[in-house]
Amino acid sequence: MKVIHLISGGDVGGAKTHVLSLLGGLKEKHAVHLVCFMEGEFAQDARKMGIPTQILPGQNFRRICCKLEELIDTEQVDLVHCHGSRANLVGCLLKKRLHIPLITTVHSDPRLDYLGRPFSNLTYGAANRRALRHMDGWVCVSKQLRDMQVEAGRDPSRTFIINNGVDFSHIHANVTREQYWKDHGLPLEQDSVVFGIAARISPVKDMGTLIRAFSKAVAKNPKIRLAIAGDGEQRKELEQLAKELCPTETVKFLGWVSDTDSYYNAIDVNMLTSLSEGLPYAIPEGARMHCATIATKVGAVPTIVVDGETGFLVTPGDVDSIAQRMVQVAGDRSLRERLGLAIFEKVRKEFSVEATVRTQEEIYDKVIRRYHRSPNGEGGVLICGAYGRGNIGDESVLEAILQQLLSEDEDLPVCVMSKRPNKTALVTNVRSIYTFSRRQMRKEMKKARLFISGGGSLIQDATSTRSLLFYLYSIYKAHKIGCKVMMYGCGIGPIHREKNRKLTARIINRCVDLVALRDPESAEVLQELGVHKPLVRITADPALLQRVSESRQESYEAYRTKIGIAEHGTYCLFSLRPWGTTRYLVNEFAAAAEYVYETYGMTPVFFQLEPTKDREITQQVAGLLRCPKVVLPSIEDNGVACALMQDMKLVVSMRLHALIFASAQKTPVVGIAYDPKVKGYMDYLGQRNYIGLEEVNAAALCRCIDKAVSDSTVENEVLAHMREQANLNGMLAWKLLRGEEIE
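First things first, this report covers the structure right here in the doc. (Residues numbered from 1 in each chain as written. Predicted model: local features only at pLDDT ≥ 70, side-chain atom pairs only at ≥ 80, totals over all residues. Heavy atoms only, no water.)

The strand order across the open sheet formed by seven strands is E16-E15-E14-E17-E18-E19-E20, and the pairing between neighbours is parallel. The open sheet terminates on both sides in strands that have one partner only, identified here as strand E16 (431-434) and strand E20 (535-538). Adjacent strand axes in the sheet meet at a mean angle of 20° when their direction is disregarded. (Pairing = 2+ DSSP bridges. Helix = DSSP H or I, 4+ residues; strand = E, 2+ residues; numbered from the N terminus. Axes fitted to C-alpha atoms, helices over the stretch in contact; angles between N-to-C directions.)

Attention now goes to the sheet that holds strand E21 (residues 571-575). Consider a sheet: its strands pair through backbone hydrogen bonds, and that pairing is either parallel or antiparallel. Pairing is parallel across the open sheet formed by six strands, whose spatial order is E23-E22-E21-E24-E25-E26. Only two strands of the sheet have a single neighbouring strand rather than two, namely strand E23 (630-631) and strand E26 (690-692). Where strand E22 (residues 603-606) meets E23, two bridges bridge the pair, whose relative direction is parallel. Looking at E23, one finds that Val605 is bridged to Val630.

Another point: the pattern of salt bridges. One pass over the full model with this rule turns up 42 salt bridges. Across the pair Lys27 and Glu28 runs a salt bridge, and its minimum N-O distance is 3.1 Å. Look at Lys27 and you get partly exposed, because its relative accessible area is 29%. Its relative accessible area of 58% is what places Glu28 among the exposed residues. Between Arg158 and Asp155 there is a salt bridge, and its shortest N-O distance comes to 3.8 Å. Its relative accessible area of 14% is what places Asp155 among the buried residues. Taken together, the shared-partner salt bridges connect Asp155, Arg158, Arg431, Glu444 and Lys447 into one network. (Salt bridge = Lys/Arg side-chain N within 4 Å of Asp/Glu carboxyl O. Buried < 20%, exposed > 50% of the residue type's maximum accessible area, 1.4 Å probe, protein only.)

Here we take up the nonpolar core. Judged by nonpolar contacts, the single largest core of 97 residues is most densely connected at Ile383, Phe589 and Phe607. Of the residues forming this core, the biggest block, eight residues, is contributed by helix H29 (residues 716-738). When neighbours within four sequence positions are excluded, Phe589 is seen to be in contact with Phe574, Leu576, Thr582, Ile617, Val621, Met654, Ile672, Val696 and Leu701. With 52 residues, the next largest nonpolar core counts Ile4, Leu26, Ile64 and Trp138 among its residues. (Core = buried A, V, L, I, M, F, W, Y, C linked by side-chain atoms within 4.5 Å. Contact = heavy atoms within 4.5 Å.)

Once that is clear, we can look at the packing of helix H23 (residues 586-600) against helix H24 (residues 611-623). For the pair H23 and H24, interaxial distance at closest approach is 8 Å and the crossing angle is 55°. Of the possible angle classes, the one that applies to H23 and H24 is oblique. For the crossing formed where H23 meets H24, the hand is right-handed. The segment H23 lies against H24, with Val586, Phe589 and Ala590 engaging Ile617, Gln620 and Val621. Partitioned by chemical class, the residues of the contact of H23 with H24 number five nonpolar, one polar and no charged. (Parallel < 35°, antiparallel > 145°, perpendicular 65-115°, else oblique. Left-handed = near helix turned anticlockwise from the far one by under 90°. Nonpolar A, V, L, I, M, F, W, Y, C, P; charged D, E, K, R; others polar.)

Turning next to helix H16 (residues 392-408). In this model H16 runs 24 Å from its N-terminal to its C-terminal C-alpha over 17 residues, within 8% of the 24 Å that 1.5 Å per residue would give. Within H16, twelve of the 17 residues are buried, which leaves it mostly tucked inside the rest of the structure. Capping the start of H16, Asn391 holds a side-chain oxygen 2.8 Å from the backbone nitrogen of Gly393, two or three residues further along. (Expected span 1.5 Å × (residues − 1). Polar contact = N/O pair within 3.5 Å; in protein donor to acceptor, adjacent residues only side chain to side chain.)

Attention now goes to the environment of Ser274. Residue position: Ser274 is located in the loop between strand E11 (269-272) and helix H11 (282-288). Distance from Ser274 to Cys246, taken between C-alpha atoms, is 21 Å for residues 28 residues apart in sequence. Setting aside its immediate chain neighbours within four residues, Ser274 contacts Val204, Lys205, Thr296, Val298 and Pro316. Of the polar contacts made by the side chain of Ser274, one reaches the side chain of Glu277; its length is 2.7 Å.

Judged by side-chain charge, Glu550, Glu554, Glu557 and Glu567 come together as a negatively charged surface patch. With respect to the element layout, Glu567 can be found in the loop between helix H22 (550-563) and E21. (Patch = residues over 30% accessible without salt bridge, like charges linked within 9 Å, V, L, I, M, F, W, Y side chains within 5 Å. Areas by Shrake-Rupley, 256 points an atom, 1.4 Å probe, with all protein chains shown as cover. Lys, Arg positive; Asp, Glu negative; His and termini not counted. Charge placed at Lys NZ, Arg CZ, Asp CG, Glu CD.)

With the rule as written, the count across this model stands at eight aromatic pairs. When the ring of Trp579 is compared with that of Tyr674, the centres are 4.9 Å apart and the planes differ by 65°; the resulting orientation is edge-to-face. Highlighted residues: Trp579 in the loop between E21 and H23 and Tyr674 in the loop between strand E25 (669-673) and helix H27 (676-685), separated in sequence by 95 residues. For the pair Tyr595 and Tyr600, a centre-to-centre distance of 6.2 Å together with 80° between the ring planes defines the contact as edge-to-face. For Tyr600, a relative accessible area of 29% corresponds to the partly exposed category. Three or more aromatic residues link up through ring pairs in this structure, and these residues are Tyr434, Phe436, Phe470 and Tyr471. Arg325 extends its terminal NZ or CZ atom over the ring of Phe312, reaching a point 4.0 Å from the ring centre. (Phe/Tyr/Trp six-rings, centres within 6.5 Å; stacked < 30°, edge-to-face > 60°. Lys NZ or Arg CZ within 6 Å of the ring centre and 35° of its normal.)

Contact geometry of helix H8 (residues 207-220) with helix H13 (residues 319-330) gives a least axis separation of 8 Å together with a crossing angle of 45°. As judged from the angle between their axes, H8 and H13 are oblique. In the crossing of H8 with H13, the sense of the turn from one axis to the other is right-handed. Facing H8, whose interface residues are Thr209, Leu210, Arg212, Ala213, Phe214, Lys216, Ala217 and Lys220, H13 presents Val319, Asp320, Ile322, Ala323, Met326 and Val327. Along the lines of polarity and charge, the residues of the contact of H8 with H13 split into nine nonpolar, one polar and four charged.

In structure tokens:
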């Protein structure tokens, strides 16, 4: 693999360390070439490491681009990797003339790169933020920075996380601690504790807060010292602040230090007071030398500094809490040693250079593969449904659809229409657009080969005619533009209005290639409507494929501890929703909840599958109970909701997906059929233990509960068959994508 790295060449600190250590590892297996825009220490250090380095000086961007283009063509480069605003801008100007991917590493929050320099922010900062939009990949040094990029509209499938790696192969301080401070003119007393920070002296590092905190701490412990390694636009201002607030010769500004091992060996406590960070190198570099650490809770810092275990986390800008921690750590040698050893072990295990290089190689492979397959995301799938509305049932369907599609081909371009596209993109790791943006919808339909409508009950007018018309319009538009159209594991109906019924039949007959239905009752509705042209297959709801992974089980256990559900307790879950006459039935539901407690010792647990809609009726019913109860706070992760069902002895639900989650975990269920889809699912499952909403009263509910407790185990064979049918949705979608014949 041949890769060119672009960087200004004046970089210092973490960015310099990251790029040079990365290139040092990559050059062992790949042809890497470094291009700087200025001669300096960066380029000199790269040459010493044996990295081929070229300088393209000057401000003539056109000339620089021409020379770079020539170099790329001559060397037959596979990928260009940019670092920093100037490199991003040059890469962006080159992009239209290149036919290879262009990526960038995001080392910090682009909005704060020029904090305190308004003119630079309006020029260089704005140009950089614009250039970032046009990359083919974004490599972020923390999850927080990645989330920030995704929220800004970057493609999640081309946005990656990489840890800053630290070299543990050789750790050596050239001079002793005593000699180091003697050479740098910082007088120490016996038992002095030195706090140090190594960073660019700029507003985003907020060293003013550190100096103010130190002034309070040194008033309580006169033996402590502060050493600031670095330089920058705020240095004179902070030197004056230290002179005003701190005792003479207790604060030392060292400028940039090249021998970082000796520096970190000479300090006792590594400090970080930044307002924003990715994953700063200063933390793992200090950890190499067993420095205790106090750092602000920003960016990916908490992935290394676990409060109270591997260091102390403080709130950005909180002078008093920083001072308090400084006094605490300065006064306890054993605490410093324990924290220093703990952070050393964590960094050595999780943040090695070798791991960083392996991750970068994997990123290169993915970016190059996906770029050459589909530079602009063509030839993929556009998914339309009731997503981004806070209903975890619908989100579980989306997760299952994506899992089925991407398990077959992880590089398949996928885009989801969502009411909250940023949230959907973050959760699903695929691109997302706003559901009701016709411009974006049309643009994505032109790229897609397959349009998926589903799952859930989209084709119905019980909620409103407007939603039915929208979903029919999206199907019509996708077909007209040229997509294959599949209705995926969905339910149909009820459709009450005659005009809606005729329009639905006409659109499905003309525009849909394949209909996969989650229950036989939906097939009957299609027949009644007069749908006859598209292929119709009965499958099952994709949400049945939801599994409780190890990570989600851990998330649930943390959630369970927080809300106070006992691990081996006896609980009955109620999932209610407002519909028709339910407002008149709160007393009946409450009586049933009291009954399960008095008769079976099950504590009622109230679960809101869609909180914005379910909250009011849930609170009304729970408020009537005299027995113990648990009203669950909102759950946004459908995997956690599934894990919850494992702790329930019984589930009584109006919500379809609460029934699906429960039966998938083999928990007995009682259905309240407010809608045909609930009856259809229970019949398909082979469970007759449900009651129509119009029949609900306390006595009828209690009879259903008695029956469910005595015998309503879901047969393994039935559940296995339904999961096989749910898997069929994905197989059918891939046959459509490949143009294969469907039997």
